[in-house]
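What the coordinates show
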Amino acid sequence: MERIKSNGGGHLNSAYDAAPDEPPVYEETNFPGEEHRTIRPSVISAFGHDTLDRVPNIDFYRNAGSVSGHRAVRPSLQELHDVFQKNGAISVPETLEDDGEKSDGTPFDDLESADTSDDKGLVKFGWIRGVLVRCMLNIWGVMLFIRLSWVFGQAGWGLGIVVIALSCVVTTITGLSMSAICTNGVVRGGGAYYLISRSLGPEFGGSIGLIFAFANAVAVAMYVVGFAETVVDLLKEHASLMVDEINDIRIVGCITVVLLLGISVAGMEWEAKAQIVLLVILLVAIVNVFVGTVIPATVDKKSKGFFGYTSTVFQENFTPAFRDGETFFSVFAIFFPAATGILAGANISGDLRDPQAAIPKGTLLAIFITGVTYLAVALCVAATVVRDATGNATDLVIPGVACNNSAVAACELGYNFSSCAVDTCKFGLMNNFQVMTMVSGFGPLIIAGTFSATLSSALASLVSAPKVFQALCKDNIYKALHFFAKGHGKNNEPIRGYVLTFIISVAFILIGNLNTIAPIISNFFLASYALINFSCFHASYAKSPGWRPAYKYYNMWLSLLGALLCCVVMFVINWWAALLTYGIEILLYIYVTVKKPDVNWGSSTQAVTFVSAVSNALSLAGVEDHVKNFRPQILVLTGSARTRPALLDLAHSFTKNYGLCLTCEVFVGPRSEIYQEMNAGMEKNQQWLNKTKRKAFYAGVACDNFREGTESLLLASGLGRMRPNTLMIGFKNNWRTAGRDAVQSYVGVLHDALDFEYGTVILRINQGLDVSHLVAEEEEMLKAAREQEALDNQMMTNGGKAKGLFRKSRNSSQQVLTTRVSVCGPTPAQVAKMNEKLMEASGQFKKKQPKGTIDVWWLFDDGGLTLLLPYILTTRKKWKDSKLRIFIAGQPGRSDLDKEEMKSLLKKFRIKCSDINVIDDIHIKPRSDSLKNLDDMIKPFCLHEGSKDMIQADVMQKEHPWKITDAELSSFEEKTHLQVRLNELLQENSKSANLIVVSMPIARKESVSDFLYMAWLDILTKNLPPTLLIRGNHKSVLTFYS
């Protein structure tokens, strides 16, 4: 509750410190003849005088734990505010050395803060080699040479354009969204995973990152098998098979993967050179197709359906001619995977010179170039090749024999392919997957282009998978995978990731049916696209001030449309693969959510949560409170969050996840001395609450005295309708020795709570509540142990001889250890036993309560809070074995009637209890020994003015106005005796209860002295199990109306 402490004159700069518990020390520097602060020359030239303030600089905005080991430290507000009053010479360091301690949630080699501008020897790519080339090679796949002609044969070039356009729309929207995200801050390694995780948080990023890396690894196998199948087809044509067709594909595939792995492991520079070679081959093959379409058709080519550019063929191929059960959507599903690959550049974002500029420019240009290429090649083929051809040069038009309607264009050009309507033909757009080879000027170049397309895509995936996987492992979201985070060489190459990708690829080449796995992989990629689009929408929707992308050509609703399109396309491609993808992603999302990785990337999810919270709070503010919706919102005066665990645990049991719980601390003392401690404690206490899964908020105030601080909390805590309505405080066990001011402050807090119409709850446990001395001892021991461990490590590192800082600090460390051991070491047996009992009592509400009762002594109608709070406890798992017993005061002779009335009332309230007891002898005078205990308790605080004359009594009363007068004792004799009698009844009836709840007596202001009131509370709850004194604000919190 109350904390009095001063840090002295130390300077705290924890907000900019790599290790929050060890603030930097700013040493004073004294120069001969004058006192002087070292400052930057730029500061002097800018302002013309010596100042501690700094001009804006990028180094101030780097994260703690930077890979560079240095970051600039701006002066804190405390230094600017206090230093000139002391007339001291203080030097603020320009940079702060990273001490090697990892900041919470931030790896030591922090990717966000790594400054790679000065790195020597690293291979970094521009937007052309790094993004444009990779994306084009990945998008230009085997589809261009093998299936594109079939797509336009089935759909016609009219719907074929729609197929290509729709694919480009999806990829273009995704490219725009990705451009916005990657220009909203520094982009490091990890590609799609990095973009999604930093936008939507680790839950989405961690789930999509794993399946995206796996998809790339399996994609290597798919592309390599495509290459191997082409090679085996050539071997088959020349009767040169090694074993058989299936095993030859496996042999060629494995050899190919080994070669590709060698290129990748050799370094990004070699891989980039290989990509350039493959691009040249691919470009030559594409040009070869265009050249072939303008070369006059030979007789052989005409018999296979190629006639050169003719309007007749072009018109005939305009309309769709779906066959074999194909539809527009099935044809689209076959083509769309060819449009994927737009993340090839982003996936190596850590190897780009300027990812923010390279990724948008290279990706969007690649989408445009490849889209135009697909369209141009397809239209050229559609304008020159008919759908069906026999390949027989003798199938010419015979005069007088009519042509079948399906081959009108061929008939007009002198060929009769009518037989294709009856028998299956082997040539034409619909039948021959090698149309491009036939159309081209030089057929072998198309085979080379097919090799290039498959190998380049395989190489890109082989590089992407380890890079993305390494970034995921570095963030330590899946702790079991952290082994793969280590990099090697100047480029931090993920060698372990390469080996894992190689193993996965070989496994799928050897055992996998890739026709089955292919749609799953396509859906994995589409899920990544969908989340990239949704990330852009979500960040825009949150309207966070931190969302400031340099790329402005995006629209949040367009991004949402892109996300929905991706989801639709997933089902179009394969509905069961889409469901499987969603299932895997949901499971991984749940896993990461449950594990709660200790990271904070400022995701848009946090921003939207904040916006929703504000919106909901404002909505609540416009609604009147209703008794049916009442729930206890508790302000509990625990002091530091760890100081009174029993009080916090019981308050948390009342609120759980459904109500507001504020754990509050009042720092008493001069504000200039305690504000640093208070500010440092804010985050520390909230983190402890989160770590221990207490659904509560921490708040602290600094004030000159405890009552004023609590008054500030009572008046200002909360937001709108989310304000505390109940004060919970521990009983002041030491009230007889604490002194007048402390008692007056404590009782004053209770008066203030009632004045502000708060419900008031006091918890008393015989062993006490405050464990702050034990917590302090534990922290001291841990700190001493850390110092000793650091000292031992340094000694081992230096071969037994300490150097530098540790050599200087060794004596002080040993001294500290000796001191702390003497403080925390063996203590008198009595004190040790008391501490043991205190710790046991402090943890009793954390455990499941044994079978027993919660005895509720509902003596005064306070609106129902005295009944509601224990009922809420019985709904919690820990208290489910505790039954309610109700005790009420009754008049002699009508106990049965009083019991029936209470039973009826509880039934209407729908509150079950195991028993109702009517106490009809509550008015009897207490026993003499009980009264003697009370007299002994209040004797030191009584004025005893009755034995003095009037003048002397007046003087005594003026000197000690806080003491209990004889007149006061006489006036409140009945109420005083009532508290004593109640304690006797509690001892008789509730001694074995798990918890006792009693209506709290109220002391009328200006009438009952503070010490008499404390005596009432003390004698009422003395020598009992854990006891709650409760007094509602006399407004109904229970109702029997629906």
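Residues numbered from 1 in each chain as written. Predicted model: local features only at pLDDT ≥ 70, side-chain atom pairs only at ≥ 80, totals over all residues. Heavy atoms only, no water.

The protein carries the name Solute carrier family 12 member 1 in an unreviewed UniProt entry, which gives Nothobranchius furzeri as its organism. Quoted verbatim from the Subcellular location (unreviewed entry) field of the UniProt record, the comment on the protein reads "Cell membrane". (UniProt positions renumbered as here; feature names shortened; annotations may be inferred.)

Broken down by element type, the protein carries 35 helices and 13 strands. Buried residues in the protein amount to 50% of all 1042 residues. Within the protein, residue pairs in contact and separated by at least 24 positions form 80% of the contacts whose partners lie at least 6 positions apart. Carbon and sulfur atoms form 58% of the exposed surface of the protein, whose accessible area is close to 49,000 Å². (Helix = DSSP H or I, 4+ residues; strand = E, 2+ residues; numbered from the N terminus. Buried < 20%, exposed > 50% of the residue type's maximum accessible area, 1.4 Å probe, protein only. Contact = heavy atoms within 4.5 Å. Areas by Shrake-Rupley, 256 points an atom, 1.4 Å probe, with all protein chains shown as cover.)

On to the side chain of Ser 990. If you trace the backbone, Ser 990 turns up in the loop between helix H34 (973–989) and strand E12 (995–999). Relative accessible area serves as the criterion here: at 0%, Ser 990 is assigned to the buried category. Within polar-contact distance, the side chain of Ser 990 engages the side chain of Trp 857 at 3.1 Å. Setting aside residues no more than four positions away along its own chain, Ser 990 makes contact with Asp 855, Trp 857, Arg 885, Phe 887, Leu 985, Ile 996 and Pro 1025. (Polar contact = N/O pair within 3.5 Å; in protein donor to acceptor, adjacent residues only side chain to side chain.)

In terms of residue burial, strand E10 (residues 882–889) counts as a mostly covered element, since 6 of its 8 residues are buried. For the crossover from strand E9 (residues 852–857) across helix H29 (residues 865–874) to E10, the handedness is right-handed. Looking at chain direction, E10 and strand E11 (residues 915–919) are connected through 5 bridges and run parallel. Counterpart to Arg 885 in the pairing with E11 is Asp 915. (Right-handed = clockwise from strand over helix to strand, strands pointing away. Pairing = 2+ DSSP bridges.)

To continue, consider a positive patch on the surface. The grouping of Lys 656, Lys 846, Lys 877, Lys 878 and Lys 880 at the surface amounts to a positive patch. When you line up the elements, Lys 846 lands in the loop between helix H28 (829–842) and E9. Taking the relative accessible area as the measure of exposure, Lys 846 reaches 43% and is therefore partly exposed. (Patch = residues over 30% accessible without salt bridge, like charges linked within 9 Å, V, L, I, M, F, W, Y side chains within 5 Å. Salt bridge = Lys/Arg side-chain N within 4 Å of Asp/Glu carboxyl O. Lys, Arg positive; Asp, Glu negative; His and termini not counted. Charge placed at Lys NZ, Arg CZ, Asp CG, Glu CD.)

If you check which residues of helix H24 (residues 706–716) are buried, you get Phe 706, Gly 709, Thr 710, Leu 713 and Leu 714. Taken down its axis, H24 places every buried residue within 135° of arc, on the same side. You can read the cap of H24 off the contacts: a side-chain oxygen lies 3.2 Å from the backbone nitrogen of Arg 707, and it is on Asn 705. One or two residues past the end of H24 sits Gly 718, with phi positive at roughly 95°. (Arc of directions from axis to C-beta.)

With that out of the way, let us pick up unusual backbone geometry. What is expected of a backbone is that most residues other than glycine have negative phi and most peptide bonds are trans. The phi dihedral of Asn 476 falls on the positive side, at around 60°, and the residue is not glycine. Examined against the element boundaries, Asn 476 turns out to sit in the loop between helix H16 (443–474) and helix H17 (495–511). In this structure, Arg 910 takes a positive phi of about 65° despite not being glycine. Secondary-structure assignment places Arg 910 in the loop between helix H30 (895–909) and E11. You can call Arg 910 exposed: its relative accessible area is 54%.

Looking now at helix H8 (residues 245–265). Here H8 spans 30 Å end to end across 21 residues, near enough to the 30 Å set by a 1.5 Å rise per residue. Contacts made by the buried residues of H8 are with helix H7 (202–237), H16 and H17. Downstream of H8 by a residue or two, Gly 267 has a phi angle that is positive, lying close to 130°. (Expected span 1.5 Å × (residues − 1).)

With respect to the helices and strands, the residue Phe 610 is situated in helix H21 (residues 604–621). Residue classification places Phe 610 among the exposed residues on the basis of a relative accessible area of 57%. Note: C-alpha distance between Phe 610 and Ser 544 (66 residues apart in sequence) is 9.7 Å.

We now examine the nonpolar core. With 137 residues, the main nonpolar core has Leu 148, Phe 335, Leu 343 and Tyr 374 as its most contacted residues. No other element matches the 16 residues that H7 contributes to this core. In contact with Leu 343, other than residues within four places in its own chain, are Met 178, Ala 192, Phe 212, Ser 528, Tyr 529 and Ile 532. Counting 58 residues, the second-largest nonpolar core is a separate cluster that includes Val 747, Tyr 758, Val 980 and Val 1008. (Core = buried A, V, L, I, M, F, W, Y, C linked by side-chain atoms within 4.5 Å.)

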